[in-house]
Structures are given as structure tokens and as C-alpha cells.
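# Survey of secondary and tertiary structure
Here is how the chains run, residue by residue.
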Amino acid sequence: MVFVLEGLQWGDEGKGKITDYLASHMDIVCRHQGGNNAGHSLVVNGVRYALKSLPSGIINPKIINVIANGCVVNLFSLIEEINTLKEKGITNFNLYISSRAHIIMPYHLDLDGAYEELLKNGKIGTTKKGIGPCYSDRASRLGIRVGDILEPEYLKKRLEEILPIKNLTLRMVNKKEYDLEELYNKLISLKPILEEHIIDTSVFLRKAIKEGKNILFEGAQGAMLCLDNGTYPYVTSSSPLANSVSINASIPPQSISKVVGIMKAYTTRVGEGPFVTELNNEIGDTIREIGHEYGTVTKRPRRVGYLDLVVVKNAIEISGTNYLSLMLLDVLTNISPLKICTHYELDGKIIDYIPSTISELNRCKPIYKEMKPWKENISKIKDYASLPKETKEYISFIEEYCNCKVAFISVGPDRDATIIKEDIFNDW
Ligand code: GDP
Ligand code: IMO
Ligand code: MG
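A short tour of the structure in this document, coming up.

The rules behind these values
Position labels on residues start from 1 in each chain and follow its written sequence. Both sets of labels track the order of writing: A upward for chains, 1 upward for ligands. Reporting of local features is limited, given that this is a predicted model, to residues whose pLDDT is at least 70; pairs of side-chain atoms are given and counted only at 80 or more, and all residues count toward the totals for whole chains, interfaces and linings. Side-chain metrics rest on all non-hydrogen atoms present in the structure, leaving aside hydrogens and water. The numbering of helices and of strands both runs from the N terminus, where a helix is a DSSP run of H or I of at least 4 residues and a strand a run of E of at least 2. Every radius of gyration here is taken over C-alpha atoms, with the globule rule written as 2.2 Å times N^0.38, N being the number of residues. In what follows, a contact means two residues having at least one pair of non-hydrogen atoms within 4.5 Å. In this count, Lys and Arg are taken as positive residues and Asp and Glu as negative ones, while His and the chain termini are left out. Charged side chains are reduced to one point each, which is NZ for Lys, CZ for Arg, CG for Asp and CD for Glu. One bridge is not enough; two strands pair if DSSP finds at least two bridges between them. Interaxial angle, 0 to 180 degrees, is taken between N-to-C directions of lines fitted to C-alpha atoms, where a helix line uses only the stretch in contact. Salt bridges are identified by distance alone: a Lys or Arg side-chain nitrogen within 4 Å of an Asp or Glu carboxyl oxygen. Burial classes follow relative accessibility: with a 1.4 Å probe on protein chains only, a residue under 20% of its type's maximum area counts as buried, one over 50% as exposed, and anything between as partly exposed. Each Phe, Tyr or Trp ring, with Trp reduced to its six-membered ring, pairs with another whose centre is within 6.5 Å; inter-plane angles below 30 degrees give stacked pairs, above 60 give edge-to-face pairs, and intermediate values give tilted ones. By the criterion adopted, a ring carries a charge over it if an Arg CZ or a Lys NZ lies within 6 Å of its centre and within 35 degrees of its normal.

A separate point is the overall build of the chain. Summing up its helical and strand segments, the chain has 13 helices and 20 strands in all. In summary, the chain has a C-alpha radius of gyration of 22 Å against a globular reference of 22 Å for 428 residues, a match within 12%. Considering only C-alpha atoms, the chain reaches an extent of 65 × 50 × 40 Å along its principal axes. Nonlocal contacts in the chain, meaning residues at least 24 apart in sequence, comprise 75% of its contacts between residues at least 6 apart. Computed over 52 positive and 53 negative side-chain charges, the inter-centroid distance for the chain is 0 Å.

Below is the structure:
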């Protein structure tokens, strides 16, 4: 059976926690897009793990973890990430990296930074991890792939062809040029460390599907950061939607059994771009402090707002989400007034969709449904029935508006702080 987990908002919905929680039911956990712009936090037995490129099944020694074709990988940062895990005692893990995934090269980081500076007020607010320039090179056929480090002669030839073009661009944006021999040696030095992990994951995954293995595809980022469906240009450079799994992992679309959409009980966004329900007030500050809403990767304070169901429903409808996982619900205890955005007002018209242009989105004003707040601490509650009446009303409103059941309710960062509302494993 093949599960896809996707973020329904602007990322940081709690994908890492729920992936780790569901990993015990899985044989394989696979990241299919993005790179180390992602920051997925999991808390297991009180220990916090901050994963960037590694799939969130990595803490579980029984799971095979895969970084698929659609990802971009900073191999140097990946090795650091693996070493950090080892320092925390996680030495027994299984990892495969796709030979077809693209390498984030050092010059991609320089170019990411340079473009942001040159854009001035128009900057995207990227994580500066080289994601955009790496995906651009992939599309321009100027990329270096993970499998290339296993083929020294081919790697040299590719660098001889590509590096002069990259150096030309670097010169134009006043950045230091790269020496071919030095860069080649740096990449080749990774071969003995990583070669046992590099395979054609597309072949591996299709075989696993035929054998009936349970596979979970873990999306990074969120639907509103999707290159095609998000708030362009304030987006990332891949598609976090379930729709993209098939191409990113080279598996048939029909093999996907269930799509689980991950949403926060409120909304956050990091970086620039429109955010209709943003709260630049005391309520926003309170949610930020209680929810520890500071970036895992860049440590930036996250922008915070009320739950925007126009955003959530948009993602559900594009991706055919079957179930929701409602995260960080505990953070809303004592938040008053408590509101959910159901529509936007755009130039005097009431709409329930995301306008395609940034200028229209910037003119949208939220229309709210006022919800009843609750005061009880819900972080120790283990079953749905024990939740306060008002909390259940909040959940039911989401389900009815989105026409989609909430399967999991997360009431704390720890693996155990999870309430199961629907049994998705018996609903194939
Ligand atoms: P991801 O990028 O989608 O994996 O999410 P992040 O890890 O960037 O951000 C989610 C944050 O919320 C992390 O610090 C998690 O430990 C934390 N978290 C996840 N679920 C819950 C929850 O139900 N309650 C609380 N209070 N924190 C949670
Ligand atoms: P996870 O997987 C939140 C945002 C950046 C920026 C935009 C483009 O932890 O949910 P990029 O570096 O990708 O070119 O930046 O996308 N962004 C994220 N925001 N969570 C993430 O990942 C993000 N990955 C990228 O802040 O606005
Ligand atoms: Mg994150």
C-alpha cells in the first residue's frame, strides 16, 4: 500500500512528526521532492531530531529510507546530518539515495544568495540553500546528478562542460569562481562515504510496490509553496503536492492508495509573499510563542495567522486528499477570539478560491467564522471523546467545510501525543 503525506499550507505543518508516527506501519519512507530547505522535527522519547534531507522514518531501524529522483541533495550537508544523528545514538539506519537526484552544488548556494540580494524588495525570502538554482540547472540540463560521483570520468567531463557557464554567471553577480580540479576532488572524495547508499531508487520502489510493501511518501514544504499551484513567485522550486509523487519517484499514479493532508490548526508562513489571515498583533505573538514558531532551518520567526480554510480546501481539491491530520491543536488552548477564515472579500466580491495573481491575493480580506474558544489543556488527552466540546466543534467545522475526515489529531510534539480519530489502515 502506498501512502502520500503532503503539507496543505505553507510548510511546517508537522509533517515530520506524523511521518515518524506512521513509520511503524511502514516498510519504506521516501522523500520525493525538495532538499535541505525542509526542516522536519520529530520528538521521540523526549529527544528532538531536526531532519533536513533525511526522510522522517530514519529514527526507526526497521524502515528503509529513500531520497528519490525528485529531490535535490546537498551531499556535504547530508553527511553532516547523518553524523549528527550518529552523535544522538542513531547508528542503525537504512538509507538509499537516488542516482537520478540532483546535487546542490556549492555555486547554487552562492547564486541563491546573489539573486535574493539583487531582487532587493522583491526577494522571495528563500532558505538560501541553493534550491532554486539547483532545480533551474536541472531544467536547463546543466545539473550534476548524485550518480555522477560514482563515474569519475563522466563527472570530470560534465564539470568541464558546465563549470565555465556557471563561472560566467558567478562573475556577473560578483561571486567567486570555482576551480574545476578543486571542485572535482571535493565531489569525488564523497564517493567512498556514500556509494553504498546510491542506487536507482525508481527500480527499487517499483519492485517494492509489486511486492506489496507499505510505502509512505513524505512531502516537504506545503501546497501553497508549490511551484505550479502556490503563490508564485513566493514559492519553492518543486511541487509538494501528492500529484507530483508519481513523477518524482517514478511510480505509476494508480499505485497511490491514500493521500493524507497535514494541516496546522492555524496558519504559518516563512519568507515573503501574501498571507490573507496573518495576525500582526498580540494573538499572533501568543500563538508564535506557544507554538515555538521559529524556523527549523533558518531560525526566522514564522509569520502567524488564523486557520485559512480557503488555503486548505484548495490543496485538498487539487490533490484528492483522502484524510486530514490536524496538528498543533494544543496551541489554540485559551486563544480568544478564535476564528476560521472561510472566504475572501476581493474588490467587494465574496470568493472561496485562491486568486491566481499576487496583486489580487494582496487585496483579499479574510471573512471569518467565529469559533468558541476552549480553556482546557488538551496535551495529555489520548482519545477523541475526551476532548472539550468546543475543540470537537472546531474539528467538525474543518471536516464539514473541507468535506474530508480528520484521521489524526496532534496535541503535542511527542510521538505519543497523537489521537487517532479514524482508522485509515482498515479503510483500503
Ligand atoms: P514540518 O516541516 O512539517 O515537519 O514541521 P516542523 O517540524 O518544521 O514544525 C512543526 C513544529 O511543531 C515542530 O517543532 C514540532 O515538534 C512541533 N509539533 C508537531 N506537532 C505538534 C503538536 O501537535 N503540538 C505542538 N505543540 N507541537 C507540535
Ligand atoms: P518544510 O518541509 C516552510 C519557503 C522559504 C521561502 C520559499 C522558497 O519544513 O515544511 P527555497 O529555499 O525553497 O527556495 O525558499 O519557500 N520554504 C519553506 N517554508 N517550510 C519549509 O519546509 C520550507 N521550504 C522552503 O521560506 O519562502
Ligand atoms: Mg519544517
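Next comes the rest of the description.
A word on the sheet that holds strand 1 (residues 2-7). The strand order across the open sheet built from ten strands is 9-7-5-2-10-1-11-15-19-20, with neighbouring strands paired in mixed fashion. Taken across any chain shown, the strands that pair with only one partner, and hence form the sheet edges, are strand 9 (198-199) and strand 20 (418-420). As defined by bridge partners, strand 7 (residues 94-98) adjoins strand 9 across two bridges and the pair is classed as parallel. When the bridges of strand 9 are listed, I97 appears paired with I198. On the sheet, helix 1 (residues 15-23) packs against strand 1, strand 2 (28-31), strand 10 (215-218), strand 11 (258-264), strand 15 (323-327), strand 19 (405-410) and strand 20 and is oriented at approximately 160° with respect to strand 1.

The next thing to look at is the pattern of salt bridges. Across all of its chains, the model carries 22 salt bridges by this definition. Two residues, K421 and E422, come together in a salt bridge whose shortest N-O distance is 3.3 Å. Exposure remark for E422: the relative accessible area of 23% places this residue in the partly exposed category. Taken together, the shared-partner salt bridges in this structure form one network comprising D12, K264, E293 and R302.

Our focus in this paragraph is the packing of aromatic side chains. Under the defined criterion, the tally for this structure stands at eight aromatic pairs. Judged by centre distance (5.4 Å) and plane angle (65°), the rings of F3 and F425 are edge-to-face. Here the residue F3 occupies a position in strand 1, and F425 occupies one in the segment after strand 20, the gap between them amounting to 422 residues. On the basis of an interplanar angle of 70° and a centroid distance of 6.0 Å, the ring pair of Y107 and Y178 is categorised as edge-to-face. With Y107 in helix 3 (residues 106-119) and Y178 in the loop between helix 5 (152-172) and helix 6 (180-188), this residue pair connects regions lying 71 residues apart in the sequence. Comparing Y107 with Y178 shows no difference in burial state: the two are buried. The positively charged end of K88 is found above the aromatic ring belonging to Y49, 5.4 Å away from the centroid.

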